[in-house]
Amino acid sequence: MNTNVVTELTAVLRAAIVKTLGPEFAETDPVLRRSTHADFQANCALALQKLTKENPRALATKIVANLDAPSVLERVEIAGPGFLNIHLRADFLASALAAQLADERAGVALSPAPEVVVIDYSSPNAAKEMHVGHLRSTVIGDALHRVLAFRGHRVVPQNHLGDWGTPFGMLIEHLLDSDADGTTDTAALNSFYKQARAKFDSSPEFAERARRRVVLLQAGDAETLASWRRLIDESKLYMRGIYARLGVLLKGEDICGESFFNPALAPLAQELEERGLASINEGALCLYPPGFVNREGNPMALMLRKQDGGFGYGATDVAALRYRVEKLGGTRLLYVVGSPQSQHLAMIFKAGELAGYMGGARAEHVQFGSVLGADGKMFKTREGETVRLSALLAEGEERAKATVLAKATERDEPPPAVDSAAHSIAIAAIKYADLSSDRIKDYVFDWDRMLADKGNTGPYLQYAYARTQSILRKADAPFESAPILLNEPAERALALTLLAFSDAVNDVESSLEPHRLCTYLYELASVTSTFYTACPVLKAEPELRASRLALCKLSGQVLQRGLELLGITAIERM
Ligand code: ARG
């Protein structure tokens with residue numbers, strides 16, 4: 001059984017608070033934080049001042065007198081206006097560490113209330129290459145997928161591929177044209193799309209054909225569908241390659257694109273119209289989600305069916321939401337989509353509620369900011385084009401290779417396989433730079449910063465893990481069951497940080513903010529490094545050596561598990 005220190009300490013403090021103030025205070029937040037003066041500081045006596053009108057120092061004295069946990073507490077001092085400085089017993093921490101070391105979950109419990117969580121992520125548009133915006137959705141969504149699944153939730157990923165609608169008219173026409181003159185190259189997705197777009201903009205004849213082609217597509221014309229399928233298959237092939245390279249969990253079967261919902265749209269529109277929830281306005285069928293008004297104060301429309309009879313992005317999203325609840329059984333629906341779509345999604349959620357499709361499920365827009373270039377504007381190539389993901393990954397690998405080779409000269413061990421290490425480092429750098437910044441904010445894409453082997457970066461954490469493994473390789477005697485000794489402040493600091501791993505993971509589960517786990521792992525890497533400096537491991541006396549090797553091993557386990565939850569591979573040698 002694992003002990004969560006904060007949970008345990010909270011219970012101990014609450015018991016004393018109840019004894020002091022009465023049972024109505026059983027849920028009091030003890031306001032615990034880590035402290036430089038002790039292991040923890042509790043600010044509850046000050047926080048309770050408003051409610052109890054009692055002098056915090058006097059209250060703190062009473063609470064301390066009522067504390068009764070000799071196996072947990074070493075001593076508690078009252079400081080300043082009424083802070084409790086809490087020192088824990090070393091043997092309490094040591095036994096919690098031993099349990100964490102033996103636990104393959106590194107001390108993270110399963111959720112007591114598992115849910116079915118549907119996560120909409122990646123969701124690029126077919127027949128176009130993915131850009132850095134889709135990179136963010138893919139990387140953040142995948143980290144949340146991993147964290148929630150690890151906590152015991154059933155995660156159902158949904159790749160809401162943009163594989164239907166008007167752009168396919170011009171794409172199919174362009175495909176048929178290029179087939180006719182033998183120049184078809186759908187593998188070059190971006191240029192294929194651009195050529196079609198250019199023709200659409202310059203030739204009225206082509207544009208007209210494209211529009212007629214959309215109608216044929218919507219009507220299910222066999223020849224049109226066959227061409228459409230070719231384009232989609234090519235896109236899926238391309239996506240599979242990107243996902244494999246990025247090392248994300250998304251699989252082919254997670255694709256549930258817009259086209260999947262097409263057959264459901266006409267009945268959905270009819271149902272909503274018949275129930276009086278949607279009405280015709282200037283020929284379009286509109287739903288007005290309560291609470292949404294435009295700048296003029298008029299209700300805002302979610303367009304379900306356009307004037308021309310076609311269905312769009314909005315109707316598809318209402319159908320998808322309903323499907324996620326009714327067919328997939330989702331109780332928590334996450335949409336990992338950029339911030340510009342926040343109003344659209346808020347309207348979809350409201351429409352779902354209005355129509356009774358939510359069935360008690362909660363929908364959340366997990367939004368994120370943009371990726372910026374060094375100039376603070378949207379990240380673009382020097383030529384002003386959107387950055388292709390495949391080119392970005394290739395550049396990362398090239399740059400990481402230089403790092404690996406440079407490191408190889410300053411080490412006493414043989415270098416790792418350069419290409420595979422460079423790949424892992426590049427992916428770690430890219431993912432970590434994305435995940436470690438506050439998701440809502442924009443971030444600046446900067447190779448030098450994200451690949452640096454110092455500071456809050458993916459490669460630094462990989463390096464911190466590799467260092468634990470390098471030490472463990474040199475351990476020649478068993479140490480796993482040796483008692484853990486925590487006499488040095490650096491050992492104690494490391495112990496407390498290790499024991500906080502589950503808090504960091506749970507924090508990501510509730511906030512859906514992966515950067516909290518990044519901050520934790522960076523802190524762990526830092527206290528581990530301080531520990532090496534203050535406490536020799538391999539050169540210590542046998543008992544201490546065994547204890548410190550155990551701490552080293554646990555640090556490695558937690559770093560590896562934490563990185564894995566972010567979708568980053570920990571490498572053995574760096
Ligand atoms: N394909 C859309 C885009 O690239 C994102 C889809 C997000 N998911 C959704 N259910 N609307 O902007």
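It should be noted that the structure appears before, not after, this text.
What comes next concerns the included structure. Keep in mind it's a predicted model, so treat the numbers as computed, not measured.

## A closer look at the sheet that holds strand β1 (residues 32-34)
Strand order in the open sheet formed by 4 strands is β1-β2-β4-β3, with antiparallel pairing between adjacent strands. In this open sheet, the two strands that pair with only one neighbour each are β1 and β3 (73-79). Within the sheet, the average angular offset between the axes of one strand and its neighbour, ignoring direction, is 25°. Pairing of β3 with strand β4 (residues 83-88), which is carried by 6 bridges, proceeds in the antiparallel orientation. Bridge assignment links glutamate 77 to a residue of β4, and that residue is asparagine 85. On the sheet, helix α4 (residues 56-66) packs against β3 and β4 and is oriented at approximately 165° with respect to β3.

## Looking at the pairing of strand β5 (residues 116-120)
Of all 5 residues that make up β5, 5 are buried, and the element is covered over most of its length. The alternating pattern of β5 places Val116, Val118 and Asp120 on one face and Val117 and Ile119 on the opposite face, and all of these are buried. Sheet analysis places β5 next to strand β6 (residues 154-158), joined by 5 bridges and oriented parallel. Bridged to aspartate 120 within β6 is glutamine 158. In this fold, the crossover linking β5 to β6 by way of helix α6 (residues 132-150) has right-handed handedness. Inspection of the sheet shows β5 paired to strand β10 (residues 332-338) by 4 bridges, in the parallel sense. Across the sheet, valine 118 pairs through a bridge with leucine 333, a residue of β10.

## Focus on the nonpolar core
Within the largest apolar cluster, 150 residues are counted, with the highest numbers of intra-cluster contacts made by Ile86, Leu88, Phe168 and Leu517. It is helix α15 (residues 418-436) that contributes the most residues to this core, 11 residues altogether. Once residues within four sequence positions are removed from consideration, leucine 517 is found in contact with Phe501, Ala504, Val505, Val508, Gly562, Leu565 and Leu566. With 37 residues, the next largest nonpolar core counts Val116, Leu268, Leu272 and Ala361 among its residues.

About the cut-offs
- Residues numbered from 1 in each chain as written.
- Predicted model: local features only at pLDDT ≥ 70, side-chain atom pairs only at ≥ 80, totals over all residues.
- Heavy atoms only, no water.
- Pairing = 2+ DSSP bridges.
- Helix = DSSP H or I, 4+ residues; strand = E, 2+ residues; numbered from the N terminus.
- Axes fitted to C-alpha atoms, helices over the stretch in contact; angles between N-to-C directions.
- Contact = heavy atoms within 4.5 Å.
- Buried < 20%, exposed > 50% of the residue type's maximum accessible area, 1.4 Å probe, protein only.
- Right-handed = clockwise from strand over helix to strand, strands pointing away.
- Core = buried A, V, L, I, M, F, W, Y, C linked by side-chain atoms within 4.5 Å.

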